[in-house]
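Listed below, chain by chain, are the residues.
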Amino acid sequence: MAMLSGCGEGQSGASTLESIKQKDSIIIGVFGDKPPFGYVDEKGQNAGFDVYIAKQIAKDLLGSEEKARFVLVEAANRIEFLKSDKADIMMANFTRTDERVNQVDFANPYMKVSLGIVSKDGVVTDIAQLQGKTLIVNKGTTADFYFSKNHPEIRLLKFEQNTETFAALQDGRGDALAHDNTLLFAWAKENPSFAVGIKELGEIDVVAPAVKKGNVELLEWLNEEMRQLQKDKFLVKAYEEILAPIYGDLVEARDVTFE
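Residues numbered from 1 in each chain as written. Predicted model: local features only at pLDDT ≥ 70, side-chain atom pairs only at ≥ 80, totals over all residues. Heavy atoms only, no water.

Draft legend 1. Broad picture of the nonpolar core. Within the largest apolar cluster, 57 residues are counted, with the highest numbers of intra-cluster contacts made by Phe-49, Ile-53, Met-91, Tyr-110, Val-118 and Tyr-247. Residue contributions to this core peak at eight residues, all from helix α2 (residues 49–62). Residue contacts for Tyr-247: discarding those within four places in its chain leaves Phe-37, Thr-182, Leu-183, Phe-185, Ala-186, Lys-189, Tyr-239 and Val-256. Counting residues in each nonpolar core, the second largest holds 16 residues, with Ala-75, Leu-82, Ala-87 and Ala-208 among its members. (Core = buried A, V, L, I, M, F, W, Y, C linked by side-chain atoms within 4.5 Å. Buried < 20%, exposed > 50% of the residue type's maximum accessible area, 1.4 Å probe, protein only. Helix = DSSP H or I, 4+ residues; strand = E, 2+ residues; numbered from the N terminus. Contact = heavy atoms within 4.5 Å.)

Here is the structure:
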């Protein structure tokens with residue numbers, strides 16, 4: 001289970017199903033700074049909910065989770081990593097949107113998500129409170145797209161990395177932060193001086209693995225894999241293993257994943 005952090009040797013090449021089997025390894029894009037979904041733990045290993053599922057994908061396809069090679073991505077470069085064959089599958093908490101569907105192919109989803117807003121003491125409980133204020137977002141995320149399109153009256157302060165984004169909120173450089181509510185619930189629990197004042201915003205979306213546009217065979221295999229993981233209750237197992245200890249009573253498995 002190697003962790004790759006850039007465009008190193010051996011990352012390029014067609015990501016077809018047959019070529020993956022021939023090279024006997026699969027390159028999977030994940031986050032390195034978005035616990036509890038994708039992060040690097042104290043041992044320097046990839047960990048998190050997305051990684052847990054990605055390892056099972058590698059095991060089912062190639063016989064061992066050790067054949068998963070993880071490459072770290074940012075929200076804004078996930079599509080480019082697929083297009084340029086730097087990743088075979090993208091598992092970086094990738095929300096399916098109409099815009100992204102035009103650029104990559106999404107498989108069956110494994111998670112439900114919507115936007116949320118966190119602020120100091122949870123004082124922001126309505127979007128109207130942010131008029132003329134500064135909202136912190138990550139570049140290239142659903143939150144970035146949503147507010148850029150629907151709320152031009154709100155100033156956006158954008159960062160590439162989650163660590164930068166949350167540090168800016170803690171430093172008071174913005175009035176609130178918008179991100180996936182599933183991430184915000186976990187972060188707020190670890191940072192009790194902040195609270196998610198807006199728990200659900202816009203439509204409920206889904207998070208799904210993605211592959212390069214037109215990679216039909218890999219997509220079909222991945223669709224069947226996700227169906228099987230749901231049927232076998234593996235997604236619930238992943239929730240109970242990774243997310244339940246963090247969310248506690250705040251969230252139930254059915255609210256986040258597919259049973």
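Read on for the rest.
Draft legend 2. Quick look at empty space enclosed by the protein. Considering all chains together, one arrives at one cavity of 30 Å³ or more under this definition. Along the walls of the largest cavity sit Phe-31, Lys-34, Ala-75, Arg-78, Asn-93, Thr-95, Arg-100, Thr-141, Thr-142, His-179 and Asp-180, which together make up its complete lining. Among the residues forming the lining of the largest cavity, the class breakdown is two nonpolar, five polar and four charged. (1 Å grid on protein atoms, 1.4 Å probe; cavity = no way out; pocket = protein on both sides within 12 Å on 5 of 7 lines; lining within 4 Å. Points joined across faces, edges and corners; volume = space filled by probe spheres on them. Nonpolar A, V, L, I, M, F, W, Y, C, P; charged D, E, K, R; others polar.)

Draft legend 3. The side chain of Asp-88, seen in detail. Note that Asp-88 resides in the loop between α3 (78–83) and β7 (89–90). Here Lys-23 takes part through its side chain, which lies 3.1 Å from a polar atom of the side chain of Asp-88. Apart from residues no more than four positions distant in its own chain, Asp-88 is found in contact with Ser-15, Ile-20, Lys-23, Ser-25, Ile-26, Ile-27, Leu-82, Ala-210, Val-211 and Leu-218. (Polar contact = N/O pair within 3.5 Å; in protein donor to acceptor, adjacent residues only side chain to side chain.)

Draft legend 4. View of the pattern of salt bridges. Using the criterion set out here, one finds 10 salt bridges in the structure. Where Lys-158 meets Asp-144, a salt bridge forms, and the shortest distance between an N and an O atom there is 2.9 Å. One end of the pair, Lys-158, is in strand β11 (residues 155–159); the other, Asp-144, is in helix α5 (residues 142–150), with 14 residues separating them in the sequence. Judged by relative accessible area, which is 34%, Lys-158 ranks as partly exposed. Its salt-bridge partner being Glu-252, residue Arg-254 comes within 2.3 Å of it at the nearest N-O pair. (Salt bridge = Lys/Arg side-chain N within 4 Å of Asp/Glu carboxyl O.)

Draft legend 5. How the structure looks around the environment of Ala-186. Locating Ala-186 in the fold gives a position in helix α7 (residues 181–190). Residue Ala-186 is classed as buried on the basis of its relative accessible area, which comes to 5%. Each C-alpha atom of the pair Ala-186 and Ala-68 lies 26 Å from the other, and the pair is 118 residues apart in sequence. In contact with Ala-186, other than residues within four places in its own chain, are Pro-36, Ile-246 and Tyr-247.

Draft legend 6. Representation of the sheet that holds strand β5 (residues 46–47) within the structure. An order of β3-β4-β5 is seen for the three strands of this open sheet, with the pairing classed as antiparallel. Only two strands of the sheet have a single neighbouring strand rather than two, namely β3 (33–34) and β5. As paired elements, strand β4 (residues 38–40) and β5 share two bridges and run antiparallel to each other. Pairing of Tyr-39 across the sheet is with Ala-47, part of β5. (Pairing = 2+ DSSP bridges.)

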